[in-house]
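Breakdown of the fold
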Amino acid sequence: MIEVTKINGMKILVNPHWFEVVEETPDTVITLTTGKKIIVKESRQEVKNLVELYRKDIFAD
């Protein structure tokens, strides 16, 4: 799971395996494979970096 910040300041954990699209419109919107959309404060690049760190951590075990 990666931690992101919703627009209202609430921190949440999301499973990046469910990400379908991450886009900036200009807010960063994460669309899950279920169709649900989450708007977060982090940039698209920050989300990408978090996902990469998450995956490196999984494969390091």
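The preceding data block contains the structure.
Now for a quick tour of the structure. (Residues numbered from 1 in each chain as written. Predicted model: local features only at pLDDT ≥ 70, side-chain atom pairs only at ≥ 80, totals over all residues. Heavy atoms only, no water.)

Quick look at the overall build of the protein now. Helix and strand content of the protein: 1 helix and 5 strands. Element order for the protein, N to C, with α for helix and β for strand: β-β-β-β-β-α. Its C-alpha atoms give the protein a radius of gyration of 11 Å, within 12% of the compact-globule value 10 Å for 61 residues. C-alpha atoms of the protein, sized along the principal axes, occupy 35 × 25 × 20 Å. (Helix = DSSP H or I, 4+ residues; strand = E, 2+ residues; numbered from the N terminus. Rg over C-alpha atoms; globule rule 2.2 N^0.38 Å.)

Attention now moves to helix α1 (residues 44–60). Between its terminal C-alpha atoms α1 stretches 24 Å, which fits the 24 Å expected from 17 residues at 1.5 Å a residue. Residues of α1 that are buried sit in contact with β1 (2–5), β3 (19–24), β4 (28–32) and β5 (37–40). (Expected span 1.5 Å × (residues − 1). Contact = heavy atoms within 4.5 Å.)

Listed in full, the 12 residues of the largest apolar core are Ile2, Val4, Ile12, Val14, Phe19, Ile30, Leu32, Ile38, Val40, Val47, Val51 and Tyr54. Those elements that place two or more of their residues in this core are β1, β2 (11–14), β4, β5 and α1. Tallying contributions element by element places α1 first for this core, with 3 residues. Ignoring any residue separated from it by four or fewer positions in sequence, one finds Val47 in contact with Phe19, Val22, Thr28, Ile30, Val40 and Glu42. (Core = buried A, V, L, I, M, F, W, Y, C linked by side-chain atoms within 4.5 Å. Buried < 20%, exposed > 50% of the residue type's maximum accessible area, 1.4 Å probe, protein only.)

This next bit is on the side chain of Glu42. Inspection of the secondary structure assignment puts Glu42 in the loop between β5 and α1. From its side chain, Glu42 meets the backbone nitrogen of Thr5 in a polar contact 2.9 Å long. (Polar contact = N/O pair within 3.5 Å; in protein donor to acceptor, adjacent residues only side chain to side chain.)

Trans peptide bonds make up most of the peptide bonds, and negative phi angles are found at most residues other than glycine. Across the junction of Thr25 and Pro26, the peptide omega takes the value 0 degrees, indicating a cis bond. As for its placement among the helices and strands, Pro26 is situated in the loop between β3 and β4.

Regular strands place side chains that alternate from one sheet face to the opposite one. Every second residue of β5 is oriented toward a common face, the buried set being Ile38 and Val40 and the non-buried set Lys37 and Ile39. Counting the residues in the hairpin turn of β4 and β5 gives 4 residues, including Gly35, whose phi is positive at 100 degrees. (Pairing = 2+ DSSP bridges.)

Scope: geometric values only; no functional claims are made or implied.
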